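# Topology and contacts: notes
Here is what each chain is made of, one letter per residue.
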Amino acid sequence: MSGAEENEYREHRLANMARLIELGYEPFGNAFARSGRLADVRAKYNEDEHVSIAGRLMTVRDMGKSIFADVRDGSDRLQIYIQKKKLGDAAFAAFKLLDMGDHIGVEGTLFTTKTGEKTVFAEKWVLLAKALLPLPEKWHGLRDVEARYRQRYLDLIANPEVRDLFDKRIKVVSEIRSYLTERGFQEVETPMMQPQAGGAAAQPFVTRYSALNTDMYLRIAPELYLKRLLVGGFDKVFEMNRNFRNEGLSRTHNPEFTMLEIYEAYSNVTGMQKLIQSLIVHVAETVFGGLHVGNGDASLDLTPPWREVTYRELIVERMGADWYELSRDDAAARAESENLSIDRQWDMLMITHEIYEKLIERTLMQPTFVTRLPAELVPLARICKDDPSSVDVFELVIAGQEVAPAYTEMNDPIEQRRRFEAQAAHGGGSLDEDFLTALEHGMPPAGGMGVGIDRLVMILSGADAIRDVILFPQLRPRSSSGAN
RNA sequence: GGGCCGUUAGCUCAGUUGGCAGAGCAGUACACUUUUAAUGUACGGGUCGGCGGUUCGAAUCCGCCACGGCUCACCA
């Protein structure tokens with residue numbers, strides 16, 4: 001829908017604007033000094049005090065020689081009372097040329113109506129910005145999902161619960177920042193455009209850097225740069241910003257998403273476990289009002305300590321004590337009897353991981369630390385001392401979704417090279433020589449962790465799609481040729 | 001990318017077996033000086049997502065396309 005689309009509504013509004021201009025009103029005004037946002041005015045000013053407010057005209061109840069109307073800004077709504085006798089014939093008549101959604105400024109004195117509502121008795125009004133297109137209908141709200149995402153500004157105006165959810169998301173992000181900063185972590189910024197996309201296994205977006213005549217990649221993770229900072233002496237750092245992965249869209253995937261990564265030198269996976277548990281508890285309490293969160297289907301109890309279980313225990317619990325003694329083909333047969341389709345090329349590791357992802361992970365509703373994953377799955381983590389086939393990691397799973405993977409970081413450059421090479425041989429990952437050089441200069445032992453912020457907000461708020469916690473989720477662009 | 005479902009007025013939605021395109025809100029006009037989804041009276045508003053086909057006749061049946069939703073695949 002183009003803003004220039006002609007329709008009856010727009011025509012009327014243009015005509016009203018033209019008449020207001022004739023009367024000396026400026027349809028797109030400048031700054032307006034207000035006593036405060038509407039919520040402040042409501043809270044801090046009393047009857048008979050003079051106030052100056054601004055906002056959108058939302059509903060008008062025209063009584064003939066007087067009018068009640070609601071004005072709304074980002075904080076609240078407030079009623080104004082327009083009286084012909086008070087305002088004068090000209091200003092009163094001009095007010096009737098306003099349309100719903102117009103931004104106006106009003107000066108007047110506060111009083112309380114006989115129904116008990118705090119109201120501004122207008123002495124003067126100014127036009128601040130004309131709205132040429134109408135707002136969505138006022139009490140069914142805006143339902144059309146496509147319009148809600150493509151024209152999120154309308155969704156935010158029409159659906160208060162949407163605004164409330166984004167207010168919460170903003171607060172989650174700011175609480176995380178202050179929580180970490182107060183504990184001595186420094187927030188850093190590392191490249192979003194990288195010469196090679198490392199730190200995770202995902203298809204990157206490619207872009208072209210003309211000046212250097214070279215391809216660059218939007219980052220799939222900041223991990224390898226944050227570890228370079230550990231080498232450089234930043235020993236408690238975090239970064240909370242966008243990652244980009246060239247993957248399909250789904251209820252739980254957006255190609256750009258917000259990731260928090262935290263690294264702490266001389267710590268390990270146990271330190272990360274304590275940190276994430278206290279961080280999420282803090283966010284739940286400060287933003288969501290307690291430790292019982294989520295919606296009816298997935299009502300969650302975040303009271304610590306959270307369950308801790310090894311990957312192997314989960315597999316054995318689900319598939320039988322003899323699982324790890326089975327031959328590859330017997331394991332495949334048993335998996336297939338659970339309605340999984342098993343690729344003939346998969347080895348034992350992949351069959352087992354398919355079981356974890358399809359049969360186990362999504363059933364872990366209450367917060368669970370899944371520990372000691374197979375080493376092949378996590379090439380950047382340190383091997384467990386007592387078991388070379390596992391790595392010293394956890395995945396925090398809540399509501400069936402992986403929220404935060406954490407590891408004791410691999411800091412042995414020789415072993416790291418071997419793991420990268422093994423992975424490259426399997427066709428995944430690339431060798432980042434600059435990173436390996438950094439490790440050779442000595443990276444302190446460290447705990448590191450990634451937290452998917454969008455999914456965390458989904459889980460805490462009970463939102464059922466990642467689109468609902470991202471202001472402008474990715475959609476297919478409108479084709480430019482077609483009308484509409 | 002596959003399967004299923006959806007797209008009707010500015011918004012929210014009806015629309016029967018294929019037979020004149022509907023409602024509420026919003027809008028316009030008039031009345032009304034304490035209303036709260038103000039009220040009352042009257043009126044206007046449609047490329048039924050797009051293109052093609054079947055038919056005497058298509059919002060309705062068929063095909064293709066666009067966009068969206070759910071789901072599967074992808075995401076080691």
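In this text the structure is predicted, and so the values were computed from the model without any measurement. (Residues numbered from 1 in each chain as written. Chains lettered and ligands numbered in written order. Predicted model: local features only at pLDDT ≥ 70, side-chain atom pairs only at ≥ 80, totals over all residues. Heavy atoms only, no water.)

## Topic: the protein's contact with RNA strand B
Inspection of the region around RNA strand B gives 48 residues, with Thr115, Trp139, Ala201, Glu247 and Gln423 positioned closest. Sugar plus phosphate: this is where 55% of the atoms of RNA strand B within 4 Å of the protein reside. A distance of 3.2 Å is found between a sugar or linking oxygen of RNA strand B and a side-chain nitrogen or oxygen belonging to serine 66. Of all the secondary-structure elements, those providing two or more residues to the surface near RNA strand B are α1 (8-22), β1 (50-62), β2 (66-72), β3 (77-83) and α5 (145-150). The dominant element in the surface near RNA strand B, judged by the number of residues it contributes, is α5, at four residues. The residue inventory of the surface near RNA strand B, partitioned by class, reads 14 nonpolar, 15 polar and 19 charged. (Near = heavy atom within 4 Å. Polar contact = N/O pair within 3.5 Å; in protein donor to acceptor, adjacent residues only side chain to side chain. Helix = DSSP H or I, 4+ residues; strand = E, 2+ residues; numbered from the N terminus. Nonpolar A, V, L, I, M, F, W, Y, C, P; charged D, E, K, R; others polar.)

## Notes on the side chain of aspartate 454
The residue aspartate 454 is located in helix α15 (residues 453-461) in this model. For aspartate 454, a relative accessible area of 3% puts it in the buried group. (Buried < 20%, exposed > 50% of the residue type's maximum accessible area, 1.4 Å probe, protein only.)

## Describing the domain arrangement of chain A
Taken domain by domain, chain A consists of domain 1 (8-129) and domain 2 (158-306 + 366-469). Centre-to-centre, using C-alpha coordinates, domain 1 lies 48 Å away from domain 2. (Domains from an automatic or database assignment.)

## Digging into the confidence of the model for chain A
Summing up the model confidence of chain A, the mean pLDDT is 90 and the portion of residues at 70 or higher is 95%. The secondary structure element of chain A with the lowest average pLDDT is helix α13 (residues 413-425), at 86, and the one with the highest is strand β6 (residues 186-187), at 97. In the model, residues 1-5 has pLDDT below 50 throughout and makes five contacts with residues more than four positions away in sequence or in other chains. Here residues 480-484 is modelled with pLDDT under 50, and outside its nearest four sequence neighbours on either side it reaches two contacts, counting other chains as well. (pLDDT = per-residue confidence, 0-100. Contact = heavy atoms within 4.5 Å.)

## Quick notes on the packing of aromatic side chains
For the coordinates displayed, the defined rule picks out ten aromatic pairs. Pairing phenylalanine 95 with tryptophan 125 gives two aromatic rings, centres 5.6 Å apart and planes at 85 degrees, and the pair type is edge-to-face. Separated by 30 residues along the polypeptide, phenylalanine 95 in helix α4 (residues 89-95) and tryptophan 125 in strand β5 (residues 118-129) bring together distant segments of the chain. Accessibility assignment for this pair places phenylalanine 95 and tryptophan 125 in one class, buried. Aromatic ring contacts, followed pair by pair, group Phe68, Tyr81, Phe111 and Phe121 into a single cluster. In this arrangement the basic side chain of lysine 86 is found over the ring face of phenylalanine 121, its NZ or CZ atom lying 4.9 Å from the centre. A cation sits over an aromatic face here: arginine 183 above tyrosine 179, 3.5 Å from the ring centre. (Phe/Tyr/Trp six-rings, centres within 6.5 Å; stacked < 30°, edge-to-face > 60°. Lys NZ or Arg CZ within 6 Å of the ring centre and 35° of its normal.)

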